[in-house]
Amino acid sequence: MDPEQLTYLFRRYGDDVFRLAYSYLGSRADGEDVCQSVFLKLAEGKTVLLPGREKSWLLTCAANLCRSQLRSFWRRNVGELDESVPFREESDRAVWEAVMALPPKYRAVIHLYYWEGYDQGEIGEILNISRTAVQTRMSRARDMLRKELSDDEQLLEHDGTGQVKRPEKGGNHGYVGE
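Residues numbered from 1 in each chain as written. Predicted model: local features only at pLDDT ≥ 70, side-chain atom pairs only at ≥ 80, totals over all residues. Heavy atoms only, no water.

### Describing the environment of Leu 40
- Here Leu 40 shows up in helix H2 (residues 28-43).
- Separated by 34 residues in the primary sequence, Leu 40 and Leu 6 have C-alpha atoms spaced 9.5 Å apart. (Helix = DSSP H or I, 4+ residues; strand = E, 2+ residues; numbered from the N terminus.)

Here it is in structure tokens:
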């Protein structure tokens, strides 16, 4: 792959790859390592990206590297670092912390659905799991988030277009719709 195309892809999708890895692994440093590894694999030139599928390939590669890292001996025997992420509103921090407290397989589907805007079929392709498994993981993750967040903290509601909105007053508080 030529350096200009690699630079373009990194500038366009590097943040997305990092955010998925960070949400999967829960560590900024590990997320940066995975992001770097994904783009190094691409730079090796052994991969031919299909036009319009670049982001999907990059995120699939990142998810696979994250799973490999989570299975590694080193990862299982080292404590995590305490990291903080800046947020505009304190409620955003509470939701982020609740999502980051989820087990990695649930954290990944929530991140891809709400932050990246993928539908359940695309998430299944990226994570190499069935659509039913995606639905099950999302349902379980939502249940865990409902329990984690207090009654006065409202979960984000998905409107089906990839956009995220807050539920209206008097609505289904604590419910994340599909």
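### Examining the side chain of Thr 60
- Structurally, the position occupied by Thr 60 is in helix H3 (residues 54-71).
- Setting aside residues up to four positions removed in sequence, Thr 60 forms contacts with Glu 125 and Ile 126. (Contact = heavy atoms within 4.5 Å.)

### Looking at the environment of Ser 139
- Mapped onto the elements of the fold, Ser 139 is located in helix H8 (residues 131-148).
- For Ser 139 and Ile 110, which are 29 residues apart along the polypeptide, the C-alpha to C-alpha distance reads 9.8 Å.

### A few points about H2
- Taking 1.5 Å of rise per residue, the 16 residues of H2 would be expected to cover 22 Å, and the 22 Å separating its terminal C-alpha atoms lies within 8% of that figure.
- Taken as a whole, H2 has its buried residues at Asp 30, Gly 31, Val 34, Cys 35, Val 38, Phe 39 and Leu 42. Buried residues along H2 cover an arc of 165 degrees about the axis, so they all sit on one side.
- Gly 45 occupies a position one or two residues after H2 and carries a positive phi of about 85 degrees. (Expected span 1.5 Å × (residues − 1). Buried < 20%, exposed > 50% of the residue type's maximum accessible area, 1.4 Å probe, protein only. Arc of directions from axis to C-beta.)

Just distances and angles here, no functional claims.
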